[in-house]
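# A closer look at the structure
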Amino acid sequence: MALIKLKTSDVNLYSPFSGICIYGEEEVADIEADDTVLYTCFESEGVGYVSERVAEALKQQGISDPESLSPAEVVAIIDIPDAVLIEYDGGFNGLSWFLFAPTP
């Protein structure tokens, strides 16, 4: 799985597969409406979103509570082709993680 680390905190973040803005200063899309967003986690708040694809992949491994896992553990467990994990340095908001993959 590809890992991209963004170290600038004041940039908009777009899904690399849909092009929809999912984080930043401009109006962001509803993450749940974008099938390419699979998982989000915020250092300051915890897990923000878990898609059905990720929940099912974890369930197949006997894991029913994705909030008990770190982002690194989630991506180590799931096997979704062409997935991309973006680590975003949100400055004073801490790190955030966004997992994307093309729609099946």
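Residues numbered from 1 in each chain as written. Predicted model: local features only at pLDDT ≥ 70, side-chain atom pairs only at ≥ 80, totals over all residues. Heavy atoms only, no water.

## Brief notes about the pairing of strand β4 (residues 37–42)
- Counting buried positions along β4 yields six of six residues, so the element is predominantly enclosed.
- Across five bridges, the pairing between β4 and strand β7 (residues 95–100) is antiparallel. By the bridge assignment, Val-37 is partnered in β7 with Phe-100.
- Here β4 runs beside strand β5 (residues 46–50); their pairing, made up of four bridges, is antiparallel. The residue bridging Thr-40 from the neighbouring strand is Tyr-49, located in β5.
- Hairpin connection from β4 to β5: three residues lie between these consecutive antiparallel strands. (Buried < 20%, exposed > 50% of the residue type's maximum accessible area, 1.4 Å probe, protein only. Helix = DSSP H or I, 4+ residues; strand = E, 2+ residues; numbered from the N terminus. Pairing = 2+ DSSP bridges.)

## Considerations on the environment of Ile-20
- If you trace the backbone, Ile-20 turns up in the loop between β2 (13–14) and β3 (21–23).
- We classify Ile-20 as partly exposed; its relative accessible area is 33%.
- In this structure the C-alpha to C-alpha distance between Ile-20 and Asp-30, which are ten residues apart in sequence, comes to 9.3 Å.

## What about helix α1 (residues 52–60)?
- Along α1, the positions that sit buried rather than exposed are Val-54, Ala-57 and Leu-58. Along the axis of α1, the buried positions cluster into a sector of 95°, meaning they face one direction only. In α1, the exposed positions that point more than 90 degrees away from the buried face belong to Glu-52, Lys-59 and Gln-60.
- Immediately downstream of α1, the backbone of Gly-62 shows phi near 80°, a positive value. (Arc of directions from axis to C-beta.)

## Section: the pairing of strand β6 (residues 84–89)
- When you tally the buried positions in β6, you get five out of six residues, the bulk of the element.
- By the bridge criterion, five bridges tie strand β1 (residues 2–6) to β6 in an arrangement that is parallel. Its bridge partner being in β6, Leu-6 is matched across the sheet by Tyr-88.
- Bridge analysis of β6 against β7 gives six bridges, and the strand direction is antiparallel. Its bridge partner being in β7, Glu-87 is matched across the sheet by Trp-97.
- As consecutive antiparallel partners, β6 and β7 are separated by five residues, and within that stretch Gly-91 has a phi angle of approximately 65°, a positive value.

## With respect to the sheet that holds β6
- Pairing is mixed across the open sheet formed by five strands, whose spatial order is β1-β6-β7-β4-β5. Each having just a single partner strand, β1 and β5 make up the two edges of the open sheet. Across the sheet, the axes of successive neighbouring strands diverge by a mean angle of 15°, strand direction being ignored. (Axes fitted to C-alpha atoms, helices over the stretch in contact; angles between N-to-C directions.)

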